[in-house]
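Structural overview for review
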Amino acid sequence: VENQKMMLGTFSPQPEPYIYVGEEETTPAGIFARGSYSAKLKFVDDDGKVYLEMSYYFEIRKDWPTGQ
């Protein structure tokens, strides 16, 4: 289980969308890292207002089936 908080900064309204590129993370390798994982992502301001909340799932496998 990992919990991470990151401050993105202060952004005023503008017509163009803001783009934020975070640091790249390394995916664990080896037999102990294999399996199914779930993750939750939430964007919250300093006042506690939630702007985006989503969940996603992924797998780490040694071999993947080929698309034949």
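If you look the protein up in an unreviewed UniProt entry, it shows as Rho GDP-dissociation inhibitor 1 from Phleum pratense. Looking at the Sequence similarities (unreviewed entry) heading of the UniProt record, one finds this comment for the protein: "Belongs to the Rho GDI family."

**Remarks on the overall build of the protein**
Assigned secondary structure in the protein consists of zero helices and two strands. Here the C-alpha radius of gyration of the protein, 17 Å, is well above what a compact globule of 68 residues would show, namely 11 Å. Along the longest, intermediate and shortest principal axes, the C-alpha atoms of the protein span 45 × 30 × 20 Å. Counting all 68 residues of the protein, 4% fall into the buried class. Summarising the internal contacts of the protein: among those between residues at least 6 apart in sequence, 24% fall at separations of at least 24. Accessible surface computed for the protein: about 7200 Å², of which carbon and sulfur atoms make up 53%. When the 7 basic and 11 acidic side-chain charges of the protein are each reduced to a single mean position, those positions are 10 Å apart.

**Quick word on the packing of aromatic side chains**
If you walk through the whole model with that rule in mind, you get three aromatic pairs. For the ring pair Y37 and F58, a centre distance of 5.4 Å and an interplane angle of 15° mean the geometry is stacked. You can see Y37 sitting in strand β1 (residues 35–44) and its partner F58 sitting in strand β2 (residues 50–60), a full 21 residues away along the chain. Every member of this aromatic cluster is reached through a ring pair, and the members are Y37, Y56 and F58.

**Focus: the pattern of salt bridges**
Summed over all chains, the structure comprises two salt bridges. Across the pair E53 and K42 runs a salt bridge whose closest N-O atoms are separated by 3.8 Å. Of this pair, E53 sits in strand β2 while K42 sits in strand β1, and the two are eleven residues apart along the sequence. The class for K42 is partly exposed, based on a relative accessible area of 48%.

**Digging into the pairing of β1**
Here β1 runs beside β2; their pairing, made up of ten bridges, is antiparallel. When the sheet's bridge partners are listed, Y37 is paired in β2 with F58. Linking β1 to β2, which pair antiparallel, is a turn of five residues; within it G48 sits at a positive phi near 90°.

What counts, and where the lines are drawn
- Residues numbered from 1 in each chain as written.
- Predicted model: local features only at pLDDT ≥ 70, side-chain atom pairs only at ≥ 80, totals over all residues.
- Heavy atoms only, no water.
- UniProt positions renumbered as here; feature names shortened; annotations may be inferred.
- Helix = DSSP H or I, 4+ residues; strand = E, 2+ residues; numbered from the N terminus.
- Rg over C-alpha atoms; globule rule 2.2 N^0.38 Å.
- Buried < 20%, exposed > 50% of the residue type's maximum accessible area, 1.4 Å probe, protein only.
- Contact = heavy atoms within 4.5 Å.
- Areas by Shrake-Rupley, 256 points an atom, 1.4 Å probe, with all protein chains shown as cover.
- Lys, Arg positive; Asp, Glu negative; His and termini not counted.
- Charge placed at Lys NZ, Arg CZ, Asp CG, Glu CD.
- Phe/Tyr/Trp six-rings, centres within 6.5 Å; stacked < 30°, edge-to-face > 60°.
- Salt bridge = Lys/Arg side-chain N within 4 Å of Asp/Glu carboxyl O.
- Pairing = 2+ DSSP bridges.

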